[in-house]
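Given next are the chains, with one letter for each unit.
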Amino acid sequence: MLEIKNISKSFNGVKVLDQVSLTVNNNEIVCLMGKSGAGKTTLANLIARLYDANDGNIFIDGINIKDMPFDVLRKNIALVSQ
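Not measured: the values here are computed from a predicted model.

### Observations regarding the pairing of strand E3 (residues 55-60)
Pairing of strand E1 (residues 2-11) with E3 involves five bridges; the strand directions are antiparallel. By the bridge assignment, Ser8 is partnered in E3 with Asp55. By the bridge criterion, two bridges tie E3 to strand E4 (residues 63-64) in an arrangement that is antiparallel. By the bridge assignment, Ile60 is partnered in E4 with Ile63. Linking two consecutive strands that pair antiparallel, namely E3 and E4, is a turn of two residues; a positive phi of about 50° is found at Asp61 within it.

Printed below as a string of structure tokens:
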């Protein structure tokens, strides 16, 4: 299970995500859709830990991704951009 709890991310003082929460259950497929600049890629990059959130936490099966070794996290996540 993927749990995103109260994630916020800013770039150069501009908030891109503000207190976003989401739960994705095992074997569930999720599609992120929205306008350009809505934060879809930012959210995906936060899950893959390409950068860290300013606030909030992301958990995979109850484990905070900040506590996972990068190699374990990256072996289990795939990003497919358009």
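From this point on, the discussion continues.
### With respect to unusual backbone geometry
Even without being glycine, Gln19 reaches a positive phi, approximately 60°. Counting through the fold element by element, Gln19 comes out in strand E2 (residues 14-24). Residue Gln19 is classed as partly exposed on the basis of its relative accessible area of 44%. The phi dihedral of Asp61 is positive, around 50°, even though this residue is not glycine. Within the secondary structure layout, Asp61 lies in the loop between E3 and E4. Exposure remark for Asp61: the relative accessible area of 55% places this residue in the exposed category.

Each value, and the rule that gives it
- Residues numbered from 1 in each chain as written.
- Predicted model: local features only at pLDDT ≥ 70, side-chain atom pairs only at ≥ 80, totals over all residues.
- Heavy atoms only, no water.
- Pairing = 2+ DSSP bridges.
- Helix = DSSP H or I, 4+ residues; strand = E, 2+ residues; numbered from the N terminus.
- Buried < 20%, exposed > 50% of the residue type's maximum accessible area, 1.4 Å probe, protein only.

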